[in-house]
Amino acid sequence: MILQIKHLSVSYKGKDGYVEALKNISFDVKEGEILGIIGESGSGKSTIAFSILDLLPQDCSKKGNVIFKGKDIFKLKNEELEELRGRGMSMVFQEPAATFNPVLSIGYQFRELLLCKLPNLNNEEIEKIITDSLSQVHLAQVERVINSYPHQLSTGQLQRISLSFTIALKPALVVADEPTSSLDVTTESQIINLLKELRKTFSFTIVFITHNLDLVKTLCDRALVLYKGEIREIAQVAQLFAFPKDAYTKSLLEAFRELEET
Ligand SMILES: Nc1ncnc2c1ncn2[C@@H]1O[C@H](COP(=O)(O)OP(=O)(O)OP(=O)(O)O)[C@@H](O)[C@H]1O
Ligand SMILES: [Mg+2]
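A few points on the structure. In this text, all values refer to a predicted model and were calculated from it rather than measured experimentally.

**A few points about the overall build of the chain**
Per the secondary structure count, the chain includes 10 helices and 10 strands. Taking as baseline every contact in the chain between residues at least 6 positions apart, the subset at least 24 positions apart corresponds to 67%. Entry remark: accessible area of the chain is about 13,100 Å², with carbon and sulfur atoms responsible for 50%. Between the centroid of the 30 positive side chains of the chain and the centroid of its 34 negative side chains there is a distance of 4 Å.

If you want it as structure tokens, here you go:
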């Protein structure tokens, strides 16, 4: 088991007291699998993602354990966490722009990341990793991309670049929070194909958060259904789609089928 979430509860501090975002949830992620997390807006999906990387706001209240490769994430020191983020686990965000600094070129940011996370590399090795990783996400004109600033690239290109950052560090676990929902349909399907390919090449374990049940069907091994901060069901994807057990899962699948038919 690469990741274990045990009795995790998270509440955010709001104007009128705490908002309960996760209520005592427990689940495991197996090495090499893609676990889909589905559920309506506000159900707590991103809160799970931020908990795994310990990126929750300081003033939130959290209980329970997130155990990554035997280490309790909430108990780690800052340096240990920094060490883990990037090479142990990494995150792909919904808005690729959130990954990048607008005033620095892609090449500069890529180099900085590698210098920080893989400090033993020499310049030549760094340049090789950068060009290899950008080629692996099928970006044309790698040189141009390296010299570009984020605003000079399309959202689809930026999402490819953020995946190439992930490839360069080869983390054991990738948490992707709706990585394709800011993309148009064609670009989305290209990125999904790329994710499938990368999974085969690098056998990443992926926690894949999405609204799109089609993506869960094509990409994930198991899926977890979240509703108002609680886990309603977790099952193999084929099982979940053919024989949903929970009433909320049934209504979610039903709503999605209706949407597909219109
Ligand atoms: N920083 C925050 N401060 C206060 N409340 C928050 C914060 N972030 C999230 N919440 C609340 O926590 C709950 C869960 O939010 P979360 O973002 O995890 O849901 P989600 O399933 O990712 O939704 P979406 O599909 O819209 O991205 C919601 O009620 C949300 O309003
Ligand atoms: Mg979210």
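**What to know about the sheet that holds strand 4 (residues 61–68)**
Pairing is antiparallel in the open sheet, where four strands are placed in the order 2-1-4-5. Every interior strand has two partners, whereas the edge strands, strand 2 (17–29) and strand 5 (71–72), have only one. Two strands pair when backbone bridges link them, and strand 1 (residues 3–14) and strand 4 are joined in this way by seven bridges, in the antiparallel orientation. When the bridges of strand 4 are listed, Ser11 appears paired with Ser61.

**Things to note about the layout of surface pockets**
The computed volume of the largest pocket comes to approximately 450 Å³. Contributing elements (two or more residues each) for the lining of the largest pocket: helix 2 (78–87), strand 6 (89–92), helix 3 (106–117) and helix 6 (155–169). Its residues placed into classes, the lining of the largest pocket shows 11 nonpolar, six polar and three charged.

**Brief notes about the pairing of strand 1**
Pairing of strand 1 with strand 2 involves nine bridges; the strand directions are antiparallel. Residue pairing across strands places Leu3 opposite Val29, the latter belonging to strand 2. Hairpin connection of strand 1 to strand 2: two residues between the antiparallel strands.

**Observations concerning the site of ligand 1**
The environment of ligand 1 is made up of Tyr12, Ala21, Glu40, Ser41, Gly42, Ser43, Gly44, Lys45, Ser46, Thr47, Glu178 and His211. The contact in question runs from an oxygen atom of ligand 1 to an N or O atom on the backbone of Gly42, over 2.8 Å. The side chain of Lys45 places a nitrogen or oxygen atom 2.7 Å from an oxygen atom of ligand 1. In isolation ligand 1 exposes 630 Å². Once the protein is present, 63% of that is buried. Counting residues per element, the shell around ligand 1 draws most heavily on helix 1 (residues 45–52), which supplies three residues. For the shell around ligand 1, the residue count by class is two nonpolar, seven polar and three charged.

**Brief notes about the environment of Pro244**
Checked against the element boundaries, Pro244 lands in the loop between helix 9 (237–242) and helix 10 (247–261). Non-local contacts of Pro244, meaning those with residues more than four positions away in its chain, are made with Glu233, Gln239, Thr249, Lys250 and Leu253.

**Focus: the sheet that holds strand 10 (residues 230–236)**
Spatially, 6-7-8-3-9-10 is the arrangement adopted by the six strands of the open sheet, whose pairing is mixed. Two strands in the sheet have a free side with no partner beyond their single neighbour: strand 6 and strand 10. If you compare each strand with its neighbour and ignore which way they point, the axes differ by 15 degrees on average.

**What to know about helix 7 (residues 185–202)**
Since the α-helix advances by 3.6 residues per turn, residues separated by three or four positions end up pointing in the same direction. Here helix 7 contains 18 residues, and its C-alpha end-to-end distance of 25 Å stays within 8% of the 26 Å for a straight helix at 1.5 Å per residue. If you check which residues of helix 7 are buried, you get Thr187, Glu188, Ile191, Ile192, Leu194, Leu195, Leu198 and Phe202. The buried side chains of helix 7 occupy one side of the element, clustering within an arc of 160 degrees when seen end-on. Exposed side chains of helix 7 directed beyond 90 degrees from the buried face belong to Val185, Thr186 and Lys200. Looking at the buried residues of helix 7, the elements they touch are helix 4 (123–136), helix 6, strand 8 (205–209) and helix 8 (213–219).

**Notes on a negative patch on the surface**
A cluster of like negative charges, contributed by Asp214, Glu258, Glu260 and Glu261, occupies part of the molecular surface. Of the residues forming the negative patch, the biggest block, three residues, is contributed by helix 10.

**Let's talk about the packing of aromatic side chains**
For the coordinates displayed, the defined rule picks out four aromatic pairs. Note on Phe100 and Phe165: the rings are 5.5 Å apart at their centroids and 75 degrees apart in plane angle, and the pair reads as edge-to-face. Within this pair, whereas Phe100 is found in the loop between strand 6 and helix 3, its partner Phe165 is found in helix 6, the two being separated by 65 residues in sequence. Side by side, Phe100 and Phe165 carry an identical accessibility label, which is buried. Among the aromatic residues, those joined into a ring-pair cluster are Phe100, Phe110 and Phe165. One Lys or Arg, Lys62, reaches over the ring of Phe74 and ends 4.6 Å from the middle of that ring.

What counts as what
- Residues numbered from 1 in each chain as written.
- Chains lettered and ligands numbered in written order.
- Predicted model: local features only at pLDDT ≥ 70, side-chain atom pairs only at ≥ 80, totals over all residues.
- Heavy atoms only, no water.
- Helix = DSSP H or I, 4+ residues; strand = E, 2+ residues; numbered from the N terminus.
- Contact = heavy atoms within 4.5 Å.
- Areas by Shrake-Rupley, 256 points an atom, 1.4 Å probe, with all protein chains shown as cover.
- Lys, Arg positive; Asp, Glu negative; His and termini not counted.
- Charge placed at Lys NZ, Arg CZ, Asp CG, Glu CD.
- Pairing = 2+ DSSP bridges.
- 1 Å grid on protein atoms, 1.4 Å probe; cavity = no way out; pocket = protein on both sides within 12 Å on 5 of 7 lines; lining within 4 Å.
- Points joined across faces, edges and corners; volume = space filled by probe spheres on them.
- Nonpolar A, V, L, I, M, F, W, Y, C, P; charged D, E, K, R; others polar.
- Near = heavy atom within 4 Å.
- Polar contact = N/O pair within 3.5 Å; in protein donor to acceptor, adjacent residues only side chain to side chain.
- Axes fitted to C-alpha atoms, helices over the stretch in contact; angles between N-to-C directions.
- Expected span 1.5 Å × (residues − 1).
- Buried < 20%, exposed > 50% of the residue type's maximum accessible area, 1.4 Å probe, protein only.
- Arc of directions from axis to C-beta.
- Patch = residues over 30% accessible without salt bridge, like charges linked within 9 Å, V, L, I, M, F, W, Y side chains within 5 Å.
- Salt bridge = Lys/Arg side-chain N within 4 Å of Asp/Glu carboxyl O.
- Phe/Tyr/Trp six-rings, centres within 6.5 Å; stacked < 30°, edge-to-face > 60°.
- Lys NZ or Arg CZ within 6 Å of the ring centre and 35° of its normal.

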